[in-house]
Each structure stands twice: as C-alpha cells, then as structure tokens.
Amino acid sequence: MTKIQVYNTMTQRKEEFVPREPGKMSVYVCGVTPYSDTHLGHARPSVIWDVIKRFFRMMGYETYHVQNFTDVDDKIIQRSFDEDVPALEISKRYIAEYLASMDALGVERADLYPKVSEHMDEIIGLVEKLVETDHAYSANGDVFFSVASFPEYGKLSKQKLEELRQGTRFEVDPAKRDAVDFALWKSAKPGEPAWESPWGEGRPGWHIECSAMSLKYLGEAFDFHGGGNDLIFPHHENEIAQSEAATGCALARYWVHNGMLNLKDAKMSKSIGNVISVKELTRRYPKELLRFYLLSTHYRSALEFYDGKLEEVSKGWTRLNDAYRALQDDLKHAVTGDSSLDRETLEVLERLEADLVSALADDFNTAMAFGVLFELVREINGYKHRQGRSEDVLKKASDILQRFAGGVFGVLQETQVQDDSLAESLLDLLLGLRQELRKQKNFALSDQIRDQLADLGVTIEDTPQGPRWKV
RNA sequence: GGCGGCAUAGCCAAGUGGUAAGGCAGAGCUCUGCAAAAGCUCCAUUCCCCGGUUCGAAUCUGGGUGCCGCCUCCA
C-alpha cells in the first residue's frame, strides 16, 4: 500500500501516516463560528480536507469527518444584541449559509457537525473532571484551566510559558491564579444565553467545546486534527492541555494546519474587514475553477487573492477541461489499436498516474499533482496530434482525468446543456448548415454564424474531425 | 520582544544533497479559407544576500535582510 507522508505541526516534520485503526481515517476539523457570511478563507480548509478525504478513500480508507460549529460565542451574542434576534437564531442562519456555500463549492459534507449548544452536558462533565483533578479551579462562577498543572503546555506552538506570561498584552483577569490560565467556563452576564452548571449560570469558554466534542465522537488519539494555522495558538494548544490533562492520552495523532488566504499581503479576516464572500464568488465563477485556484498552491503555503487572479488561473484550468472534453468526443471515433505509439503512450500514462498518487501521498501536494495533470494533457494532445486514436489509450487518459481531476480534486466542469437535448440538436443542425456553407466557400456567412454564436457564449472550433462547440 | 513559517524566471508555482516540474504571459514554426484549439522549439549557467560543511547545495549549517502568521476573536 502506498505510504502517505503527512507534515505534523507537533513534530515539525513529515511523518509516515499510520492510522489509529487500519483502513480507517478519522479527522476533526475546527469549524466556523457562524455569525457572518462564509468567506474564501473558510473555503480553503474545507476544500483541502474535501480533497484529502477523497484521496484517502481512493487509497482504500474509510473516512470519518467531524467538524464543529461554535454556535455559542461572544460575537454571536453581540450580533444578537445588535439585531435583537436570539443568539441561536443568528447561528442557525449562518450555519445554513455556511453549508450552502460549501455545497456551492462541491465540498462533500462532513459526517457530523456537532454544535456547542447541544453539548453542554459533555462540556460541563469535562470541566468537572478537570476541576476534580486539580487541572482547573473555579472563581466567582468562572472556571479556569491551570496551565501550570500541565507541564507540556506549549508543545504544539513551541511557546515557553515564561515568554507567554511576559507577552500578555491585555490586562489579566484578577480571578486568574496565573496570567496564562484560560477560561473553561464563563459566568453569565445579564441578557446573555446561559446554561445551568455546578458553578452557576454560564457558558463554555472558547476551547473546551472542541475537546468535549472530539472526545465524544472520535475518542482518544484520533488521526487528524485540522484547521488554519492561526488556530495553533492559543486554540489548539489549549485544546491539547484540556484534553490530555483529562484523558492522559494524546488528543490527536497528526496536527495538520493550512496556510492563510491573503488579500493584498494581509490575512483575509472578518475583523480586518477584507473579506470575499464565497456566496458572491460562486455566483460569478464555476465552482471547479474556484477549487482549481484553491488547490493550485500547497495547502501549507499562504495563498494570495486579488482582483483578476481567477481570470489568470482560468486559462490553465480551461486547458485542462478542454482536453478532457475533447477526449470525450475523440472516444466516439476511437479504434482498436496496438501500435508502438499506442503502447508507448499507454506506458507514459501509467507512469503519470503513479506520479499523481505519489504527489498526493507526499503531504497532499496538490500543486505538484496539477503539474502532472498538465503533463498528461500535453501527452495525450500530442498523441492525438500524431494521429493516435486507440480506444485503450484515449480511455486511459480520460479515466485518469476523471478520477483525479474530477473525482479527487473536483476541478472538471461537467458539460453544460447536457440535459437540454433540444438546444443540442438545434446547435448540431446549425453547425451542419454552416459546414455546408464552408464547403461552398461561403466564408462570409459561416463566419457570421460563428461570430453570432460567440456573442451568445458558444465557441466554435473547426477541427479535422468536424466542428466542435462549447459553452 | 518571543514563537512559527516563507523568500525559486515578467507573474503564479513544484522541487529539500546529485546538477531547476508545471501553468500563465512572451518569441518563432506547423496545422488552418480565416479564426480558435492543438503540437513543436525557445524562454532561470541559476534559486534574497554573505560565510561554512561536502566531490557536489535552491536543498544541510551559521549570520544577515525582507515579508507573512500567531502571541487578542479568527479557517
């Protein structure tokens, strides 16, 4: 079986992936706080994990993906005050918006989307356990995690406790015993959503929900914990402290963090206000192009977005799609053959297929895989240029594109008009007439037809095998 | 200030010890009624700078410089 290498933030190097259970892959991805529209930055980890999951399945694994919604949060509460709408209404609205955006990007749904508001018992239970074992203490209705009680604190983000204490920028809550301690439970202020607890009415702190829900649904030491690299500290560091202090077991086996999506060299973030909404983008561009763009850079690198970027990217993406589309046409005229050209091409295709698997098995290197995809495009186009028409060869190329570009990356655009047979018939009729005109050398009229179809968005290409059109 | 990361052609982007993938743009050619598409050829003696290790470094190492992220909510 192909060995899969994964970069683990914890060890800061690539490691061979060894699943907790043979043949199974489990992942917890930190999801969004639903209080405003989903932006492109959120789409990046979603699309990346979508591809990683599809790849694992291609490699014969069963995948199980849990992704939370942090639907109890300061900003949701703020928004609820602003709009005078219950907090859970706000989160419900934006959860639906998030899921709709992901659907529009062709992102497969997670197996489970647990919400904080529905897991208070688990959260309270975990906090109680931490209090009982002296990893946490309560003070005036708040409960804090005692960082000093967890000697490994800082192991993920490589922070030293002393530096963190000195680096505290904001004034420290006097109820804390140590400036670096963080809240597990916050007492309710008037008007805020609150739940009953042994420490009075309140709500969970930011990090505890992921510890409680990942433990409930994935258990101890599940395979992957994912999220943006902006979550490494404090979010994931604190999750580790809470979970591992409570269970004595590793939280996750591999920590996988994606790079940020930048806009004009600055991180796209709601607080800066430089956001590009997914809803808007999916209205203007095909989802396959958006995915192609998001996957064109390795997931750990920063990715730039700017005006015109998608137009630049679309040229290469179109080339890939055109090659696939042409292949479908050529397959209709394919012949059985076994010439030396056929055999050589088949061999190259097999090598390229293996290269695709290697690229993905090497820390999910989608950028490298795209390079291989384009080599394949050049190979098969060259083959056709040299009059190659073997069904075996064309089928093989089409099959690879379909399984990788289509199945794993989701960047192959499905042919439009497919379901509109009348339009298709009319178009064929028109093109047949135009061929007749061309035969009679009536180029003025045939060019006029081509131009006018172009105005309607239909591109005509005259090939030796006859005219080809695309929308 | 601390921690993590990045710096490869006009642009985007792989490559992490053996002599620079791929895409876009650009130049020339082939095919074509023209166009489009496609194919072929060319396009980084060099990988931010300065030292070191090595037979050999974009790749390892030390030191600079610049940029990004985190240290406060954040995918």
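Everything numeric here is computed off the predicted structure, so don't read it as measured data. (Residues numbered from 1 in each chain as written. Chains lettered and ligands numbered in written order. Predicted model: local features only at pLDDT ≥ 70, side-chain atom pairs only at ≥ 80, totals over all residues. Heavy atoms only, no water.)

Engineer: Mind showing me how you'd approach the protein's contact with RNA strand B here?
Structural biologist: What surrounds RNA strand B is a group of 62 residues, the closest being Lys75, Trp206, Gly228, Leu231 and Lys267. A breakdown of the atoms of RNA strand B within 4 Å of the protein gives sugar and phosphate a share of 65%. Within the backbone of Phe233, an N or O atom sits 2.9 Å from a sugar or linking oxygen of RNA strand B. In the model, a base nitrogen of RNA strand B is placed 2.9 Å from a nitrogen or oxygen of the Asp462 main chain. Ranked by residues supplied to the surface near RNA strand B, first place goes to helix H12 (residues 366-385) with nine residues. The residue makeup of the surface near RNA strand B, split by class, is 16 nonpolar, 27 polar and 19 charged. (Near = heavy atom within 4 Å. Polar contact = N/O pair within 3.5 Å; in protein donor to acceptor, adjacent residues only side chain to side chain. Helix = DSSP H or I, 4+ residues; strand = E, 2+ residues; numbered from the N terminus. Nonpolar A, V, L, I, M, F, W, Y, C, P; charged D, E, K, R; others polar.)

Engineer: Would you explain the pairing of strand S1 (residues 5-8) in this entry?
Structural biologist: Looking along a regular strand, one sees the side chains alternate between the two faces of the sheet. Every second residue of S1 is oriented toward a common face, the buried set being Val6 and Asn8 and the non-buried set Gln5 and Tyr7. Relative to strand S2 (residues 13-16), S1 runs antiparallel, the two sharing four bridges. Opposite Gln5, over in S2, you have Glu16 as the bridge partner. Hairpin connection between S1 and S2: a loop of four residues separates the two successive antiparallel strands, and Gln12 in this loop has a positive phi of roughly 60 degrees. (Buried < 20%, exposed > 50% of the residue type's maximum accessible area, 1.4 Å probe, protein only. Pairing = 2+ DSSP bridges.)

Engineer: Before we go on, may I ask you to explain the domain arrangement of chain A in this structure?
Structural biologist: Accessible area lost upon the coming together of the parts is a frequently used measure of interface size. Looking at chain A, the domain boundaries give domain 1 (5-132 + 146-166 + 204-285), domain 2 (324-401) and domain 3 (421-470). Computed from C-alpha coordinates alone, the two centres of domain 1 and domain 3 are separated by 52 Å. (Domains from an automatic or database assignment.)

Engineer: Is there a simple way to explain the sheet that holds strand S10 (residues 252-258) in this structure?
Structural biologist: Each strand in a sheet pairs with another by means of backbone hydrogen bonds, the pair being arranged parallel or else antiparallel. Across the sheet, which stays open at both edges, the four strands sit in the order S4-S3-S9-S10 with parallel pairing between neighbours. The open sheet has two edge strands with one neighbour each: strand S4 (62-67) and S10. Neighbour-to-neighbour, the strand axes of this sheet turn through a mean angle of 20 degrees, independent of strand direction. Relative to S10, strand S9 (residues 222-228) runs parallel, the two sharing six bridges. Within S10, the position partnered with Phe222 by the bridge is Ala252. Each of strand S3 (24-29), S4, S9 and S10 touches helix H1 (residues 40-58); the most contacted strand, S3, lies at about 175 degrees to it. With respect to the sheet, helix H6 (residues 208-218) is in contact with S3, S4 and S9, its orientation differing from that of S3 by roughly 160 degrees. (Axes fitted to C-alpha atoms, helices over the stretch in contact; angles between N-to-C directions. Contact = heavy atoms within 4.5 Å.)

Engineer: Teacher, can you tell me more about the packing of aromatic side chains here?
Structural biologist: Two aromatic rings are characterised by how far apart their centres lie and by the angle between their planes. What the rule picks out here adds up to 21 aromatic pairs. Here Phe69 and Tyr98 contribute two aromatic rings whose centre-to-centre distance is 5.6 Å and whose plane-to-plane angle is 85 degrees, an arrangement assigned as edge-to-face. In this pair, Phe69 is assigned in the loop between S4 and helix H2 (74-83) and Tyr98 in helix H3 (residues 87-104), connecting sequence segments 29 residues apart. The pair Phe69 / Tyr98 is uniform in exposure class, with both members buried. The interplanar angle of 70 degrees and the centroid separation of 5.8 Å between the aromatic rings of Tyr293 and Phe305 together place this pair among those described as edge-to-face. Taken together, the residues span a long stretch of sequence, with Tyr293 in helix H9 (residues 287-295) and Phe305 in strand S13 (residues 303-305) at a distance of 12 residues. The class for Tyr293 is buried, based on a relative accessible area of 0%. Cluster of aromatic residues (ring-pair linked, three or more members): Phe17, Trp49, Phe55, Phe56, Tyr61, Phe224, Tyr254, Tyr299 and Phe364. (Phe/Tyr/Trp six-rings, centres within 6.5 Å; stacked < 30°, edge-to-face > 60°.)

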